[in-house]
Amino acid sequence: MRVVRDGEGHPAALGIIRRESGAEAGYAGPGAALAQESPVHLVGFAPFAYPARLGANKAALLANYSDILAATRTGELVTPAAEWLIDNHYVVEESFRHLKRDLVPRYYHKLPQVTLDGQGDVPAVLAFAWRYVALGNSDFHTETLTDMARGYQEHRVLTIGEIWAIPAMLRFVLLENLRRISDRVNAARADRVAANTLADRLTPGDGADWPFGPDRPISEAFAAQLLYRLRDGSQAADDALARLEMTLDAQGTDSAQVLQHEHARQSAANVAIGNVIRSMRRLDETNWTTWFEDVSRVDEILRETEDFPRLDRATRNDYRDTIERIAHRSDLSESDVALRAIAMAQDQLVGHLLVGRDAAAFRAACGYRATWRERGLAQVRRADWLGIFVPALVLTIAIAWGVTALLPDTLPWIIEALFFVLSLLTVSEAAMGIVNLVGARLVPVTRLPAYDYDAGIPDDARTLVAAPTLIGDLDSVDDAVRLLELHYLANPDGAVDFALVTDWPDSAQEESSEDRRILDHALTEIDALAARYAHVGRRFYLLHRNRIWNDVDRIWMGWERKRGKLAELNALLLGTGETTFMDTSPRPPLGIRY
């Protein structure tokens, strides 16, 4: 018989992670209070080792799930909290997979620490997540999390790494709480089964011994179930109830309190477990990049610049990575680095300081302590082409020398020398391959900064999609117009225009009636395309060039063919010179930049 007294043992002794009060007026106040609290007190916290605790929680939840599932298959009635565990076990498993991926031990142990009240040090964001889960009874919403993060940062600014760790820490604390609830739910289920077994022995009045006393207390789940089973009015049941009341009285309680506490405990477990499951689903549905940018102080500072809000997310992340790396290897905070970048940019774009040509100078101005690898790569870059040629040459000579050393000692020296010289050509390719391989491993990949045009290209970046082509027959015109329409359908939003930039094929005469017929057909098709999408304004254009006489080839042709088309297109858009474009249709609008 399994009998558990509430409040004893681990992890049941830790209780559900819940704080009864503190967030009545919102979460900003508790966040600010936590940032100033020293040492920090966390309700229900007990020291643990990560990731060992994560593995223990996973094993315990799986065991509890298996026990409850097996009980239901035998027809045993279970509580609503237990049904939550059965129905949503897949959500729990998925959360463990996410946590194993997102919160690796090295990352966990590198996070800034805070001191707990007599329980050592833990990552500050773990304390933040623990307090948040306790205040909301495991009910996560981005609005309350944002309020608490902002209140917290009024007194202690979270680093970039800490903010990214918050979702994983929330998931960890939710799983920790779920493990504790499931332990209690499964223990109470086992106690009810044991109570039923004892009731079956007691009610016939066979004189079964009463198993409880001062040295063997009774749990409230066991007592509540036994009270339910013994209320049949028989003499044996009345005797057993009297002994039960005596046992409860010795423990400082009575049947009414037991039933009240057990019903309250079941209700609390049902609410808490439902909150945990719903919160884990919301964690998966939340756009954490957007949330990060909303609460990050570094982003708040960089948004003061003109271009930062317009950058794509990958470029903004490159900026943050640079700031985080400089702050980690200098005496400045991340906010200080961002402020210094804005100050040094002098109302210009900060990208050239963070990821551009002046990045090295900016790092030096911040007192950045470069790693040996970064110093070595800087030397290689300064060496320019010699940084590749010299290692390849040295490696080629070394390999050729090693291969030559394998020749028999009886060969004449002239043969060895000739073999060495000839082998240089052979092994140079292998040496170059090794240099390329090592370089690819050592030199970090960089990407060009980019703007975010997901919502369409703005007017100040108006773009012309130009398709240079020859129109020698009606079919080529139809194909070109169809392709231009496909380009539009792939990019229908924003300030984007589309133009066919065309020439006639080379000819012995400047213009023929067939040429004019083909051009008229092209104009008709472009005008029809513009009319089809007239609701977005004029977006389609035909730019056609006259033939000019080529004295070298003795033929009429478009000037410089394709290269000439693009050069004259630039001149037309910039208005910087004469072109051979015919005045056949409307011109693209002014202000095209790309």
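Quick summary incoming for the structure in this document. Numbering of residues starts from 1 in each chain and follows the order in which that chain's sequence is written. In keeping with the model being predicted, local features are shown solely for residues with a pLDDT of at least 70 and side-chain atom pairs are shown and tallied solely at 80 or more, while totals for entire chains, interfaces and linings include all residues. Only hydrogens and water are removed before side-chain values are computed, so all heavy atoms of the structure are retained for them.

## Remarks on the overall build of the chain
How we decide: Helix and strand definitions follow DSSP, with helices as H or I runs of at least four residues and strands as E runs of at least two, each counted in order from the N terminus. Taken over C-alpha atoms, the radius of gyration is set against a globule rule of 2.2 Å times the number of residues to the power 0.38. For this analysis, residues touch if any pair of their heavy atoms sits within 4.5 Å. The protein chains shown are the only cover counted for residues, whose accessible areas, like all others here, come from Shrake-Rupley with a 1.4 Å probe. When charges are counted, Lys and Arg contribute as positive and Asp and Glu as negative, whereas His and the chain ends are disregarded. Here the site of a charge means NZ on Lys, CZ on Arg, CG on Asp, or CD on Glu.
Within the chain one finds 23 helices and seven strands. On C-alpha atoms alone, the chain measures out to a radius of gyration of 38 Å, which is more than a quarter above the 25 Å that the 2.2 N^0.38 rule sets for 594 residues. Projected onto the principal axes, the alpha-carbon positions of the chain cover approximately 125 × 85 × 50 Å. When contacts within the chain are restricted to residue pairs at least 6 apart in sequence, those whose partners lie at least 24 apart make up 76%. When the accessible surface of the chain is totalled, it reaches about 31,000 Å², and 55% of it is carbon and sulfur. Side chains of the chain give 64 positive and 83 negative charges; the mean places of these two sets differ by 3 Å.

## Here's the deal with the nonpolar core
Note the threshold: Nonpolar cores were defined as sets of buried Ala, Val, Leu, Ile, Met, Phe, Trp, Tyr and Cys residues, with membership established by side-chain atoms within 4.5 Å. For the exposure calls, accessible area comes from a 1.4 Å probe over protein chains only, and a residue counts as buried if that area is under 20% of its type's maximum, exposed if over 50%, partly exposed in between.
In terms of nonpolar packing, the biggest core is built from 89 residues, with L126, L145, L170, L178 and M280 touching the most fellow members. Discounting chain neighbours no more than four positions away, the residues touching M280 are V91, V92, S95, R171, L174, L175 and L178. Core analysis: the next-biggest nonpolar cluster, separate from the first, contains 24 residues, V481, W504, I526 and L542 among them.

## Focus: helix α20 (residues 413–442)
What counts, and what does not: For a residue, the bend is simply the angle between two axes, fitted respectively to the seven-residue segment ending there and the seven-residue segment starting there.
Maximum bend of α20: about 40 degrees, positioned at T426. For α20, every residue scored as buried is listed here: F420, S423, V427, A431 and V435. Close packing links the buried residues of α20 with α19 (386–405).

## Notes on the sheet that holds strand β3 (residues 463–470)
Strand pairing in a sheet is mediated by backbone hydrogen bonds. Such pairs are either parallel or antiparallel. Just so we agree on the cut-off: Two strands form a pair only when DSSP identifies at least two bridges running between them. To get an axis, a line is fitted to the C-alpha atoms, and for a helix only the part in contact is used. The angle between two axes follows their N-to-C directions and goes from 0 to 180 degrees.
Sheet architecture is open: three strands sit in the order β3-β4-β5, paired in parallel fashion. Because the sheet does not close on itself, it has two edges, and the strands there are β3 and β5 (540–544). Direction aside, neighbouring strands of the sheet carry axes that sit 25 degrees apart on average. Here five bridges tie strand β4 (residues 496–503) to β5, and the two strands are oriented parallel to one another. Within the sheet, the bridge partner assigned to A499 lies in β5 and is Y541.

## A look at the pattern of salt bridges
In plain terms, the rule: Whenever a carboxyl oxygen of Asp or Glu lies within 4 Å of a side-chain nitrogen of Lys or Arg, that contact is scored as a salt bridge.
Summed over all chains, the structure comprises 38 salt bridges. Here R297 ties to E300 by a salt bridge, and the two come within 3.5 Å at their closest N and O atoms. Placement of both R297 and E300 in helix α13 (residues 297–302) is noted, with a separation of three residues, approximately one turn of the helix. A salt bridge links E511 to R516, with the nearest nitrogen and oxygen atoms 3.2 Å apart.

## Concerning empty space enclosed by the protein
The cut-off we apply is this: A 1.4 Å probe that fits but cannot get out identifies a cavity on a 1 Å grid over protein atoms alone, an open set with protein on both sides within 12 Å along at least five of seven lines counts as a pocket, and a residue lines either if it has an atom within 4 Å of a point. Grid points are joined across faces, edges and corners, and a volume is the space filled by probe spheres set on the points. Basically, the charged four are Asp, Glu, Lys and Arg, the nonpolar ten are Ala, Val, Leu, Ile, Met, Phe, Trp, Tyr, Cys and Pro, and anything else, Gly included, counts as polar.
Inspection of every chain in the model, using the stated rule, returns four cavities of 30 Å³ or more. If you go around the second largest cavity, the residues you meet are I16, T79, A81, I181, R184, V185, A188, R192, E262, R265, Q266 and A269. Every element with two or more residues in the lining of the second largest cavity is listed here: α8 (160–202) and α11 (255–285). Considering every element that reaches the lining of the second largest cavity, the biggest residue donor is α8, with five residues. Across the lining of the second largest cavity, the residue classes break down as six nonpolar, two polar and four charged.

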